[in-house]
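Okay, here's what each chain looks like letter by letter:
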Amino acid sequence: MNLAARLQDQAAGETLISAAVQRGIGGRVRAEPLGPRALRGFDRPVPVWLVVGVDSSAGDAARTPFVGRARERTQIAGILDVCLESRRGGVVLVRGEAGIGKTRLVEEIGTLAGALGMARHRALVLDFGVGKGRDPIPALVRGLLDVAPDGSKSEWEGRAAAAVDGGIIDQDQVPFLHDLLDLPQPTDQRARFDAMDSAARRRGIKATVATLAARLAEGTPRLLIVEDLHWADASALEHLAELAAAAGEAPMVLVMTTCVEGDPVDHGWRGATRGSPVTTIDLAPLRTAISSAASIWRSNMVSDASSRATGSCSGWVLSSGATSTRPCGKWTPASTFPAPCTTSTAK
Ligand SMILES: Nc1ncnc2c1ncn2[C@@H]1O[C@H](COP(=O)(O)OP(=O)(O)OP(=O)(O)O)[C@@H](O)[C@H]1O
Ligand SMILES: [Mg+2]
């Protein structure tokens, strides 16, 4: 019996999880209960949850102490210091294999930046289903505007208007912000926006996002974190290059994580950042001695989550093994693991 497969049958482009999986990974995702559903092959209706997003504030920092990575921390702390002193930032690209500790390191960078008084914003390039959530920019912009992901459209419109009043974006950038946030166009600007071709709109949206971030950073320096770049689509990468360019001229550091395989930061992308400094940090595995505590915890977490999920190979688990078969930076359906699916190789 494969509960994950039954849930997939039910999902119409959404991500559904069982109640047990929701308990197991509930701290990492936001999910809404859909109530019990009749599933083929199950005697009783099964409680089902709909994943509506990843909880960007949730990390597992509270659950295990951060270990190692002294060199990387020092390097990044230096970049943050220079940014605050010179009021010019840049890009930090954290690269590494699946489960090597990219997210954990950027959480640590977030803590460092917070201690230095920087405002922090984080977005993930998700891979929950084809075509969904591959563009982290709207989430980043909502964070910059301080709008909750489940905030109402009128709240977003209010924040956009306040951004104009506060000189954070220009009046003629409002249509671009509205387009990005999927808000109705203001009546007085609709005709101008409708008359633009798609290239002009794209340029406008990119410039608006960069302006928004840079001007906010002039008030309070910013750390922008975008995770799992290897899943980003072309439009998101263009946006990020523009943000990177803005970071070179404002007190703002853009931190991105990517797998080595599929790293989209190539010569062309760097060229589009208009000379903004890009520091690449390639993560090696943690040394055995210091990684053992983390790896024991990780194996416990995965086997616990999968056994709580169904007692077999159903549902979704977060695997952390550098040598597991899952692709980098991806929530993997447990049903794709060879049975029995408690497999999680600690690095
Ligand atoms: N320096 C560290 N100290 C303590 N725990 C760590 C450290 N690095 C990684 N971990 C733990 O190892 C696990 C995997 O790390 P993490 O999620 O950061 O990897 P990742 O490279 O982001 O993986 P993915 O490719 O899936 O995005 C997590 O449970 C994390 O807390
Ligand atoms: Mg990660």
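Analysis parameters
Along every chain, residues carry numbers that run from 1 in the direction the sequence is written. To read the labels, note that chains go from A and ligands from 1, taken in the order they are written. This being a predicted model, a pLDDT of at least 70 is required before a residue's local features are given, and a value of 80 or more before pairs of side-chain atoms are given or counted; all residues contribute to the totals for chains, interfaces and linings. Under the scheme used here, helices are H or I runs from DSSP no shorter than 4 residues and strands are E runs no shorter than 2 residues, and both carry numbers assigned from the N terminus. With C-beta atoms placed from the backbone, a contact is any residue pair whose C-beta atoms sit within 7 Å. The burial label depends on the number of other C-beta atoms within 10 Å of a residue's C-beta. Counts of 20 or more mean buried, 12 or fewer mean exposed, and intermediate counts mean partly exposed, with C-beta atoms placed from the backbone. Confidence of the prediction at every residue is given by pLDDT, a number between 0 and 100. Helix span, expected: 1.5 Å multiplied by one less than the number of residues in the helix. Every angle, taken between N-to-C directions, lies between 0 and 180 degrees, and every axis is a line fitted to C-alpha atoms, over only the stretch in contact when it is a helix. Crossings are assigned a handedness: left-handed for a near helix turned anticlockwise from the far helix by less than a right angle, right-handed for a clockwise turn. Classes in brief: Ala, Val, Leu, Ile, Met, Phe, Trp, Tyr, Cys and Pro nonpolar; Asp, Glu, Lys and Arg charged; the others, Gly included, polar. Strands qualify as paired when DSSP identifies two bridges or more between them. A crossover counts as right-handed when, viewed with the strands pointing away from the observer, the path leading from the first strand over the helix to the second turns clockwise.

Right, let's talk about the overall build of the protein for a bit. In terms of helices and strands, the protein carries 12 helices and 10 strands. In the protein, the proportion of contacts linking residues at least 24 apart, taken out of those at least 6 apart, comes to 74%.

This paragraph deals with unusual backbone geometry. One non-glycine residue, Arg87, lies in the positive phi region at around 60 degrees. Here Arg87 shows up in the loop between helix 3 (70-86) and strand 4 (90-95). Owing to 14 C-beta atoms within 10 Å, Arg87 belongs among the partly exposed residues under this scheme.

A separate point is the environment of Glu107. By secondary structure assignment, the location of Glu107 is in helix 4 (residues 102-115). For the pair Glu107 and Arg122, spaced 15 residues apart in the sequence, the C-alpha separation amounts to 9.7 Å.

Considering every residue of the protein, the mean pLDDT works out to 78; 75% of them sit at 70 or more. Across the protein, element-level confidence peaks in strand 4 with a mean pLDDT of 97 and bottoms out in strand 9 (residues 316-317) with 30. Confidence drops under pLDDT 50 across residues 300-325; counting only partners more than four residues distant or on other chains, this segment forms 85 contacts. Segment residues 331-347 is flagged for pLDDT under 50; beyond a separation of four residues in sequence, or across chains, it makes 53 contacts in the model.

Time to look at helix 10 (residues 234-247). The terminal C-alpha atoms of helix 10 lie 20 Å apart, and with 14 residues this matches the ideal 20 Å at 1.5 Å per residue to within 8%. Counting buried residues in helix 10 gives 10 out of 14 residues, a clear majority hidden from the surface. Taken as a whole, helix 10 has its buried residues at Ala236, His239, Leu240, Ala241, Glu242, Leu243, Ala244, Ala245, Ala246 and Ala247.

Moving on, we come to the packing of helix 5 (residues 137-144) against helix 9 (residues 198-219). At a minimum axis distance of 11 Å, the contact between helix 5 and helix 9 shows a crossing angle of 35 degrees. Considering how the two elements wind past one another, helix 5 and helix 9 form a crossing that is left-handed. Side by side, helix 5 and helix 9 meet where Ile137, Val141 and Leu144 of the first sit next to Val209, Leu212, Ala213 and Leu216 of the second. Residue composition of the contact of helix 5 with helix 9, grouped by class: seven nonpolar, no polar and no charged.

Here Glu157 shows up in helix 6 (residues 153-165). Glu157 sits 21 residues away from His178 along the chain, and the two C-alpha atoms are 7.7 Å apart.

Moving on to the sheet that holds strand 4. Strands sit in the order 5-6-7-4-8 across an open sheet of five strands; the sheet is parallel. In this open sheet, the two strands that pair with only one neighbour each are strand 5 (119-124) and strand 8 (278-282). Each strand axis lies, on average, 15 degrees off the axis of its neighbour in the sheet, ignoring direction. Sheet topology note: the strand 4/strand 7 (residues 252-258) ladder contains six bridges and is parallel. From the neighbouring strand, Val94 faces strand 7, where its bridge partner is Thr257. Most of the contacts of helix 10 go to strand 7, to which it runs at about 145 degrees, and overall it touches strand 4, strand 6 (222-227) and strand 7.

To continue, consider the pairing of strand 6. With respect to burial, strand 6 is a largely interior element, six of its six residues being buried. Residue alternation in strand 6 divides its side chains into two sets, Arg222, Leu224 and Val226 and Leu223, Ile225 and Glu227, and both sets are buried. As paired strands, strand 5 and strand 6 are joined by six bridges and run parallel to one another. Across the sheet, the residue bridging to Leu124 is Glu227, located in strand 6. Relative to strand 7, strand 6 is paired through five bridges, and the arrangement is parallel. Within the sheet, the bridge partner assigned to Val226 lies in strand 7 and is Met256. The β-α-β motif built from strand 6, the intervening helix 10 and the parallel element strand 7 has right-handed crossover chirality.

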